[in-house]
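The residues making up each chain are set out below.
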Amino acid sequence: MEWSLLGPDIYGFLFLVAMVAGFIDSIAGGGGLLTIPALLSVGVSPVQALATSKLQAVGSSFSASLYFIRRGIVDWRSQRFAIVMTLFGAMLGALLVQFVSPDFLRYLLPVLVIIIGLYFLLVPNIGAEDRKRRLGPLAFGCLIGSGIGFYDGIFGPGTGSFFALSYVMLCGYNLAKATAHAKVLNFASNIGALGFFILSGQVIWLLGSVMLIGQMIGARLGAGLVLSRGQKLIRPMLVTVSFLMSIKLIHDNHGDSIRSWLAFYF
């Protein structure tokens, strides 16, 4: 398909979707659950949709990361090892996804995301203030940076939420600080995965560039709210996005079976 021939209404639609996705992603993660279906709806193939979504996700995570670093919330130098390990993990995941199917993650992910949502819902004071650190920087980079980075390269949805929860539980950060640091590692994992998608020629640059601008605008607006509203905004947003993400993934995986079951009994 010649993507330059798409009408301005299609580009306007994708731009708005990307802006909303960037806003949500900078606060709670999960923006890819909006952008990938939007790309699929205009005729983009699944692999191209994943690759093009990574391009715009780079813009979103960069915009939010830059905002947090400039305001002194994140000292990127102290995160250098975690950034490098996340980058390598994502590159390895993006390499392996060319040869193995990530289908097992499609079935496991809804369970993990529901657990995250329940955790933030049932523990109201989680991330309200800084606590004692449980894992040192080197161990955090090796285990969390490389592990979640690998997951982001091979599949992706919920990466920001996983990073944020890890910073809260293992580094003792408050929720706003954890969200800020999560975006920096998310940027590293996006860069790592995007590199392999570019080499394989799967990125649709025209669509991706339009949506990248939208994501950067949305992410900048969302990042500002993270600092001004903190836990009061992030916690309910994380819970909401986690449950919506789970519903979406369960529908994608089991939608036909659920409809057949409902038709049989009702």
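Residues numbered from 1 in each chain as written. Predicted model: local features only at pLDDT ≥ 70, side-chain atom pairs only at ≥ 80, totals over all residues. Heavy atoms only, no water.

Colleague: I tried to follow the environment of Lys183 on my own but got confused; where do I start?
Modeller: Relative to the helices and strands, Lys183 is located in helix α8 (residues 175-199). Here Lys183 falls in the buried class, since its relative accessible area comes to 2%. Considered as a pair, Lys183 and Gly29 are 154 residues apart in the sequence and their alpha carbons are 8.9 Å apart. In contact with Lys183, not counting residues within four places along its chain, are Asp25, Ser26, Ser61, Ala64, Ser65 and Phe68. (Helix = DSSP H or I, 4+ residues; strand = E, 2+ residues; numbered from the N terminus. Buried < 20%, exposed > 50% of the residue type's maximum accessible area, 1.4 Å probe, protein only. Contact = heavy atoms within 4.5 Å.)

Colleague: Even after reading the chapter, I still don't get the UniProt feature "transmembrane region" (unreviewed entry) in the chain, so can you show me in this structure?
Modeller: Here the UniProt feature "transmembrane region" (unreviewed entry) sits at residues 12-36, 48-69, 81-101, 107-123, 135-154 and 188-213. In residues 135-154, helix accounts for 90% and strand for 0%; the two terminal C-alpha atoms are 25 Å from one another. (UniProt positions renumbered as here; feature names shortened; annotations may be inferred.)

Colleague: Would you take a moment to explain the nonpolar core for this structure?
Modeller: Soluble globular proteins: nonpolar side chains tend toward being buried together. If you look at the biggest cluster of nonpolar residues, it comprises 20 residues, and the most contacted ones within it are Phe140, Phe163, Tyr167 and Leu185. When residues of this core are traced back to their parent elements, those giving at least two are α6 (137-154), α7 (159-171) and α8. Broken down by element, the residue count for this core peaks at six residues, all from α7. Ile27, Ala28, Tyr67 and Val74 belong to the second largest nonpolar core, which has 13 residues in total. (Core = buried A, V, L, I, M, F, W, Y, C linked by side-chain atoms within 4.5 Å.)

Colleague: Would you take a moment to explain helix α9 (residues 205-229) for this structure?
Modeller: An α-helical segment advances 3.6 residues per turn. Residues three or four places apart therefore align on the same side. If you check α9, its first and last C-alpha atoms are 35 Å apart, about what 25 residues at 1.5 Å a residue would give, namely 36 Å. If you check which residues of α9 are buried, you get Leu207, Gly208, Met211, Leu212, Gly214, Gln215, Gly218, Ala219, Gly222, Ala223, Gly224 and Val226. (Expected span 1.5 Å × (residues − 1).)

Colleague: Even after reading the chapter, I still don't get the pattern of salt bridges, so can you show me in this structure?
Modeller: Should their charged atoms come close, side chains of opposite charge can pair. Taken as a whole and assessed by the stated rule, the structure comprises two salt bridges. Taking the shortest distance from any N to any O, the salt bridge between Lys183 and Asp25 comes out at 3.2 Å. Pair noted here: Lys183 is in helix α8 and Asp25 is in helix α1 (residues 8-27), with a separation of 158 residues, a long-range link. A residue is classified by how much of its surface remains accessible, and Asp25, at 12% relative accessible area, is buried. (Salt bridge = Lys/Arg side-chain N within 4 Å of Asp/Glu carboxyl O.)

Colleague: Mind showing me how you'd approach the packing of aromatic side chains here?
Modeller: Between two aromatic rings, the relevant description is the distance of the centres plus the angle of the planes. Within this structure, the stated rule accounts for five aromatic pairs. With centroids separated by 5.9 Å and ring planes inclined at 70°, the aromatic side chains of Tyr67 and Phe68 adopt a geometry described as edge-to-face. One exposure class covers both Tyr67 and Phe68, and it is buried. These aromatic residues form a ring-pair network of at least three members: Phe140, Tyr167 and Tyr173. Between the NZ or CZ atom of Lys177 and the centre of the ring of Tyr173, over which it lies, the distance is 4.4 Å. (Phe/Tyr/Trp six-rings, centres within 6.5 Å; stacked < 30°, edge-to-face > 60°. Lys NZ or Arg CZ within 6 Å of the ring centre and 35° of its normal.)

Colleague: Help me understand the packing of helix α4 (residues 80-96) against α6, please; the structure alone is not making it clear to me.
Modeller: The angle between the axes and the distance between the axes are what describe a pair of packed helices. Packing of α4 against α6 brings their axes to within 6 Å, and their N-to-C directions diverge by 30°. Taken together, the axes of α4 and α6 lie roughly parallel to each other. Judged by the twist between their axes, the crossing of α4 over α6 is right-handed. Facing Phe81, Ala82, Met85, Thr86, Gly89, Ala90, Leu92, Gly93, Ala94 and Leu96 of α4, the residues of α6 in contact are Pro137, Leu138, Phe140, Gly141, Cys142, Gly145, Ser146, Gly149, Phe150, Gly153 and Ile154. In the contact of α4 with α6, the residues fall into 13 nonpolar, eight polar and no charged. (Axes fitted to C-alpha atoms, helices over the stretch in contact; angles between N-to-C directions. Parallel < 35°, antiparallel > 145°, perpendicular 65-115°, else oblique. Left-handed = near helix turned anticlockwise from the far one by under 90°. Nonpolar A, V, L, I, M, F, W, Y, C, P; charged D, E, K, R; others polar.)

Colleague: Any chance you could explain the environment of Gln215 here in plain terms?
Modeller: Tracing the backbone shows Gln215 in helix α9. Looking at Gln215, the relative accessible area reads 3%, which means it is buried. In this structure, the C-alpha to C-alpha distance between Gln215 and Ala64, residues 151 residues apart in sequence, is 9.9 Å.

Colleague: Just to check I follow, could you spell out helix α3 (residues 46-70) for this structure?
Modeller: A rise of 1.5 Å per residue sets the reference length of α3, with its 25 residues, at 36 Å; its end C-alpha atoms lie 36 Å apart and thus fit the reference within 8%. In the stretch just after α3, Gly72 is the one whose phi turns positive, near 75°.

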